[in-house]
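Structural features, examined
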Amino acid sequence: MPPAALQDLTVAVLASGSNGNCTWIGAGGRGILVDAGISARQVQLRLDAVGLPAAPIDAVFVTHEHRDHVQGARVLSSRLGSHRGRTVPFYMTAGTARHLPPGMAPDAVEEVGIEDILRVGPFEVRPVSIPHDTADPVAWRVACDGVSVGVVTDLGRATPPVVDLLRGLDLAVLEFNHDLEMLLEGPYPWHLKQRIRGNQGHLSNEQAADLLYSSLGPRLKQVVLAHLSEENNRPSRALAAARNALVRAGAEDRVQVRAGSRYEPTPPIRLPLREG
Ligand SMILES: [Zn+2]
Ligand SMILES: [Zn+2]
């Protein structure tokens, strides 16, 4: 059967937050996941819920070894089994592979270097190093027919490679983890507050908004605010910070913003491709 015509690049953020992260990206009858931090059952339930019951999963790209990004990997790997005569590969850096929590390793780990460009179906995928307190964490850039999506979460600060990555995107899944005031006044112990706000922790709303402003490229159309803290953030605060950044940049009319959620998937976001 010939591959389906490329019409849209479709993105659904299935889960986003400290208890599980997973994003599906599809085009032309092929699909991939970024992170497997929810159960295989939840992956399918959430794809069903947004009208993507037959969404293919040809590969999984893991950002880092924290449980909220890998805890579904083992079971998902065995459920997906063999696809087109090949076990579905889980791509990750060697550092991530070495530090996967016990019992969470998928069947087929494919180690990637930071210079690698991977091809899966119509997708060209590459990792970008990010600062986070794990062995070798990355963001992922997924390009298809000239349209690019980035999944950029779990980073303590902006770096030049991250700014470069964001500048070329059509759709950014970008961490807006915490409101600094809520974090500092909230219930977490001091050491945890320091970890979260540290250079290898998570982006605050303010940091993420500054990053969005300073990296805003001409192609950007969609932003999904990701990895919002339940205790230390509110969607309304994250959305206000992001919208302020877009207003400052004069881009509020062309960029749509929504917040990802730990409880429910975003609807499929469709980006038109040239072919079709
Ligand atoms: Zn995380
Ligand atoms: Zn993390």
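Remember, predicted model here, so these are calculated numbers, not experimental data.

1. Digging into the overall build of the chain
For the chain, the count of helices and strands is nine helices and 16 strands. Computed over the C-alpha atoms, the radius of gyration of the chain is 17 Å, within 12% of the 19 Å expected from 2.2 N^0.38 for a compact globule of 276 residues. For the C-alpha atoms alone, the extent of the chain along its principal axes is close to 55 × 45 × 35 Å. In the chain, the share of contacts with a sequence separation of at least 24, taken over all contacts with a separation of at least 6, comes to 68%.

2. Quick notes on the nonpolar core
One finds Val60, Val152, Leu174, Phe176, Leu225 and Ala242 to be the most contacted residues of the largest nonpolar core, which totals 80 residues. The greatest single-element share of this core, amounting to six residues, is contributed by strand β1 (residues 8-15). Beyond its immediate sequence surroundings of up to four residues, Leu225 is in contact with Leu174, Phe176, Ala238, Leu239, Ala242, Val257, Ala259 and Gly260.

3. Side note on the pairing of strand β10 (residues 123-129)
With three bridges joining them, strand β9 (residues 118-120) and β10 adopt antiparallel strand pairing. By the bridge assignment for β10, Arg119 is matched with Glu124. The hairpin turn running from β9 into β10, its antiparallel successor, is two residues long, and Gly121 in that turn takes a positive phi close to 55°.

4. Description of the sheet that holds strand β2 (residues 22-27)
Spatially, β8-β7-β4-β3-β2-β1-β16 is the arrangement adopted by the seven strands of the open sheet, whose pairing is mixed. Each edge of the sheet is formed by a strand with only one pairing partner; in this case those strands are β8 (109-112) and β16 (269-272). Neighbour to neighbour, the strand axes of the sheet diverge by 25° on average, direction disregarded. Two elements, strand β7 (residues 90-93) and β8, share four bridges in a ladder whose sense is parallel. Among the inter-strand pairings, Met92 is bridged to a residue of β8, identified as Glu111.

5. Observations concerning helix α3 (residues 73-80)
Along α3, the residues classified as buried are Ala73, Arg74, Leu76, Ser77 and Leu80. Gly81 sits one or two residues past α3 and shows a positive phi near 55°.

6. Points about the pairing of strand β13 (residues 171-175)
Consecutive side chains of a regular strand alternate in pointing toward one face of the sheet and then the other. Of all five residues in β13, five are buried; the element is thus mostly enclosed. Sheet topology note: the strand β12 (residues 147-152)/β13 ladder contains four bridges and is parallel. Its bridge partner being in β13, Gly150 is matched across the sheet by Ala172. Bridge count between β13 and strand β14 (residues 222-226): five bridges; the pairing is parallel. Of the residues in β14, the one forming a bridge with Glu175 is Ala226.

7. Focus: the packing of helix α8 (residues 205-214) against helix α9 (residues 235-248)
Contact pair α8 / α9: the axes reach a minimum separation of 9 Å and the direction vectors enclose 25°. Comparing the axis directions of α8 and α9 gives the class roughly parallel. Crossing of α8 against α9: the hand is right-handed. Touching Asn205, Glu206, Ala209, Leu212 and Tyr213 of α8 are Arg237, Ala238, Ala241, Ala242, Asn244, Ala245 and Arg248, all from α9. Class assignment for the residues of the contact of α8 with α9 results in seven nonpolar, two polar and three charged.

8. Points about the sheet that holds strand β15 (residues 256-259)
Strand order in this open sheet of seven strands is β9-β10-β11-β12-β13-β14-β15, and the pairing throughout is mixed. Edge positions in the sheet fall to β9 and β15, since each has one partner strand and no second. Neighbour to neighbour, the strand axes of the sheet diverge by 20° on average, direction disregarded. Contacting β10, β11 (138-144), β12 and β13, helix α5 (residues 160-167) runs over the sheet at an angle of about 140° to β12. α9 rests against β14 and β15 of the sheet, and its axis sits at about 160° to β15.

9. Focus on unusual backbone geometry
Within the chain, Asp35 stands out as a residue other than glycine whose phi angle is a positive 75°. In this structure, Asp35 sits in the loop between β3 (30-34) and α1 (40-49). By C-beta crowding, Asp35 is classed as buried, having 29 other C-beta atoms within 10 Å. A positive phi is found at Asp154, a non-glycine position, where the angle reads about 60°. Tracing the backbone shows Asp154 in the loop between β12 and α5. Residue class for Asp154 comes out buried when judged on the 29 C-beta atoms lying within 10 Å of it.

10. Some remarks on the environment of Ser18
In this fold, Ser18 is placed in the loop between β1 and β2. Placed 211 residues apart in sequence, Ser18 and Ser229 show a C-alpha to C-alpha distance of 6.8 Å. With residues near it in sequence (within four places) discarded, Ser18 still touches Asp68 and Ser229.

11. Section: α8
Among the residues making up α8, those that are buried are Asn205, Gln207, Ala208, Ala209, Leu211 and Leu212. Buried residues in α8 make contact with α5, β13, β14 and α9.

Analysis parameters
Residues numbered from 1 in each chain as written. Chains lettered and ligands numbered in written order. Predicted model: local features only at pLDDT ≥ 70, side-chain atom pairs only at ≥ 80, totals over all residues. Helix = DSSP H or I, 4+ residues; strand = E, 2+ residues; numbered from the N terminus. Rg over C-alpha atoms; globule rule 2.2 N^0.38 Å. Contact = placed C-beta atoms within 7 Å. Core = buried A, V, L, I, M, F, W, Y, C linked by C-beta atoms within 7 Å. Buried ≥ 20, exposed ≤ 12 C-beta atoms within 10 Å, placed from the backbone. Pairing = 2+ DSSP bridges. Axes fitted to C-alpha atoms, helices over the stretch in contact; angles between N-to-C directions. Parallel < 35°, antiparallel > 145°, perpendicular 65-115°, else oblique. Left-handed = near helix turned anticlockwise from the far one by under 90°. Nonpolar A, V, L, I, M, F, W, Y, C, P; charged D, E, K, R; others polar.

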